[in-house]
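# Commentary on secondary and tertiary structure
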Amino acid sequence: MPKKSAQASLSAFLPLDLGGLFMRGIVASLILLGALGAIGQVHGHEVVDGPFGAIVDHQKPFSFRSDDERVRYARQQQMRAFSAHFRTIEASVKYGAPFDGLIAANAASLENLGQGLAELFRPEVPMESGRHGAKSDIWSEPSRFALHVKGFQAAASNLRQATNDRVPLAAPLQAMRHQCLACHQSFRVFAPR
Ligand code: HEC
């Protein structure tokens, strides 16, 4: 049976004799959570209502001090998405994880994300000085950076095409990996390990 929302289970409980402080405690907390949920915050955390009840998101809200921070944050999250799609494919192709059925969707996503790669670096926001992230060469050498963007897009199309054709993926995956590493070698400063 699907779980009911906090509100739905609350109205189901109320007409009954609840019996025992324990149940009353639960109901009281649900009412409190519901009331706070209406405001949208519990102790500075956001409350997200939905069919599974009023759920506190302990990680939010984020606070950004500047637009540059917002840009870096979104860019890095998007890069992590590139990485997660790539590594999911790699897990099957190279390391034998039993998820061949997921390869095509991940390859299609990489091809799509590749289309937005230049856009991701349109705002001229390099890493903070002394930190890690995007080198300013991205904006001072735009045509060299564009070559890497194009190279990645071509590798992503080849990989997606190979999944359609059902040919072995090791070589097109390695070719994509080269593109990731080459762009990073020129344009990214890694965090110290
Ligand atoms: C055209 C250049 C380019 C290509 C291609 C590229 N990256 Fe990146 N990547 C960058 C740059 C620049 C950064 C640093 C961004 C920043 O910190 O703002 C980065 C950052 C990252 C990060 C760190 C994100 C973080 O949380 O700090 C990961 C992980 C990553 N890339 C994975 C990949 C993978 C995997 C691929 C290939 C599937 C790839 N990238 C392809 C340029 C590229």
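Residues numbered from 1 in each chain as written. Predicted model: local features only at pLDDT ≥ 70, side-chain atom pairs only at ≥ 80, totals over all residues.

### Some details on the overall build of the protein
Along the backbone of the protein there are eight helices and five strands. Ordered by position from the N terminus, the helices and strands of the protein form the series α-α-β-β-β-α-α-α-β-α-α-α-β. In the protein, the share of contacts with a sequence separation of at least 24, taken over all contacts with a separation of at least 6, comes to 53%. (Helix = DSSP H or I, 4+ residues; strand = E, 2+ residues; numbered from the N terminus. Contact = placed C-beta atoms within 7 Å.)

### Some details on the site of the ligand
Residues in close proximity to the ligand total 22 residues, the closest being Gln 76, Met 79, Gly 133, Cys 180 and Cys 183. Among the elements that take part in the shell around the ligand, helix 3 (residues 67-93) stands out by supplying eight residues, more than any other. Residues that form the shell around the ligand fall into these classes: 12 nonpolar, six polar and four charged. (Near = placed C-beta within 6 Å. Nonpolar A, V, L, I, M, F, W, Y, C, P; charged D, E, K, R; others polar.)

### A word on the sheet that holds strand 3 (residues 53-57)
In space, the three strands of this open sheet follow the order 1-2-3, with antiparallel pairing throughout. The strands lining the two open edges of the sheet, one partner per strand, are strand 1 (41-42) and strand 3. Pairing geometry for strand 1 and strand 2 (residues 45-50), over two bridges, is antiparallel. Across the sheet, residue Val 42 finds its bridge partner in strand 2, namely His 45. (Pairing = 2+ DSSP bridges.)

### Re the nonpolar core
Ranked by size, the top nonpolar core spans 18 residues in total, and within it Ala 156, Leu 159 and Met 176 carry the most contacts. Of all elements in the fold, only helix 3, helix 4 (103-115), helix 7 (142-165) and helix 8 (170-187) reach the threshold of two or more residues within this core. Of the residues forming this core, the biggest block, six residues, is contributed by helix 7. Filtering out sequence-adjacent residues up to four positions away, Ala 156 remains in contact with Leu 110, Glu 111, Gly 114 and Met 176. (Core = buried A, V, L, I, M, F, W, Y, C linked by C-beta atoms within 7 Å. Buried ≥ 20, exposed ≤ 12 C-beta atoms within 10 Å, placed from the backbone.)

### Quick word on the packing of helix 3 against helix 4
Where helix 3 meets helix 4, the closest approach of the two axes is 9 Å, and the angle between their N-to-C directions is 150°. Accordingly, the angle class assigned to the pair helix 3 and helix 4 is roughly antiparallel. Our pair here, helix 3 against helix 4, has a crossing hand that is left-handed. Every residue of helix 4 that contacts helix 3 at Ala 81, Phe 82, His 85, Phe 86, Thr 88, Ile 89 and Ser 92 is listed here: Ile 103, Asn 106, Ala 107, Ser 109, Leu 110 and Leu 113. The residue makeup of the contact of helix 3 with helix 4, split by class, is eight nonpolar, five polar and no charged. (Axes fitted to C-alpha atoms, helices over the stretch in contact; angles between N-to-C directions. Parallel < 35°, antiparallel > 145°, perpendicular 65-115°, else oblique. Left-handed = near helix turned anticlockwise from the far one by under 90°.)

### Brief notes about the confidence of the model for the protein
When pLDDT is averaged across the protein, the result is 87; 79% of the residues are at 70 or more. Counting contacts from residues 1-16, a segment whose pLDDT is below 50, to residues more than four positions away or on other chains yields 15 contacts. (pLDDT = per-residue confidence, 0-100.)

### Re the environment of Phe 62
Turning to its location among the elements, Phe 62 is positioned in the loop between strand 3 and helix 3. You can call Phe 62 exposed: it has 8 C-beta atoms within 10 Å.

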